[in-house]
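# A structural walkthrough
The lines below spell out each chain.
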Amino acid sequence: MLFPHETFEKFTVARAADTSHSAEVIISIGAESREAVDSFIRNVERAGGNVFGRPGETDGWMYGAGFADLDGHRWNLLYMDEDKMPKRQ
């Protein structure tokens, strides 16, 4: 759920972090495909979000991107190709 800062602070009995100067968490979202990552990031950009990690591949089996929403909260979007995932030996 998303709350105004005043409501959030009432529920948590703590001040909301100033995300323009720090990050409090990164929230990860699983994607169904590489194309889904790319489409999501295009929507983030259209909505005014800040893409701090352009879509890209890591280790040959992960494809993801990082962005901050309009409140500065950081998100990680990740597709994992399980067929290419390293197997335990």
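None of the values given here were measured: they were computed from a predicted structure.

Another aspect to go through is the side chain of Asp81. Looking at the secondary structure, you find Asp81 in the segment after strand E4 (74-80). With no salt bridge to any partner, buried Asp81 finds its closest opposite charge in Lys84, at an N-O distance of 4.1 Å.

Further remarks concern the packing of aromatic side chains. For the coordinates displayed, the defined rule picks out two aromatic pairs. Each ring, one from Phe40 and one from Phe67, has its centre 5.7 Å from the other, and the planes form 45°; the classification is tilted. One end of the pair, Phe40, is in helix H2 (residues 34-47); the other, Phe67, is in strand E3 (residues 62-68), and 27 residues separate them in sequence. Considering the side-chain rings of Phe67 and Trp75, the 6.2 Å spacing of their centres and the 5° angle between planes classify their relative orientation as stacked. Site record: aromatic cluster; members linked through ring pairs are Phe40, Phe67 and Trp75. Over the ring of Phe52 we find Arg74, and its NZ or CZ is 4.4 Å from the ring centre.

With that settled, the discussion passes to a nonpolar patch on the surface. A surface patch of nonpolar side chains, amounting to about 310 Å² of accessible area, comprises Phe3, Phe8 and Phe11. The exposure class of Phe11 is exposed, given its relative accessible area of 57%.

Attention shifts here to the pattern of salt bridges. Pairs can form between side chains of opposite charge once their charged atoms are near each other. By the definition in use, this model includes two salt bridges. Across the pair Glu57 and Arg34 runs a salt bridge whose closest N-O atoms are separated by 2.7 Å. With Glu57 in strand E2 (residues 50-58) and Arg34 in helix H2, the pair connects residues that are 23 residues apart, well separated along the chain. What makes Arg34 partly exposed here is its relative accessible area of 34%. Ionic pairing is found between Glu45 and Arg54, a salt bridge with its closest N-O pair at 2.6 Å.

Notably, Val13 is not glycine yet its phi reads approximately 50°, a positive angle. With respect to the helices and strands, Val13 occurs in the loop between helix H1 (5-12) and strand E1 (26-30). A positive phi angle is found at Asp59, which is not glycine, with a value near 60°. By the secondary structure assignment, Asp59 is in the loop between E2 and E3.

Calculation rules
Residues numbered from 1 in each chain as written. Predicted model: local features only at pLDDT ≥ 70, side-chain atom pairs only at ≥ 80, totals over all residues. Heavy atoms only, no water. Helix = DSSP H or I, 4+ residues; strand = E, 2+ residues; numbered from the N terminus. Buried < 20%, exposed > 50% of the residue type's maximum accessible area, 1.4 Å probe, protein only. Lys, Arg positive; Asp, Glu negative; His and termini not counted. Salt bridge = Lys/Arg side-chain N within 4 Å of Asp/Glu carboxyl O. Phe/Tyr/Trp six-rings, centres within 6.5 Å; stacked < 30°, edge-to-face > 60°. Lys NZ or Arg CZ within 6 Å of the ring centre and 35° of its normal. Patch = residues over 30% accessible without salt bridge, like charges linked within 9 Å, V, L, I, M, F, W, Y side chains within 5 Å. Areas by Shrake-Rupley, 256 points an atom, 1.4 Å probe, with all protein chains shown as cover.

Note that every value here comes from positions in space, so none of it alone points to a role or purpose.
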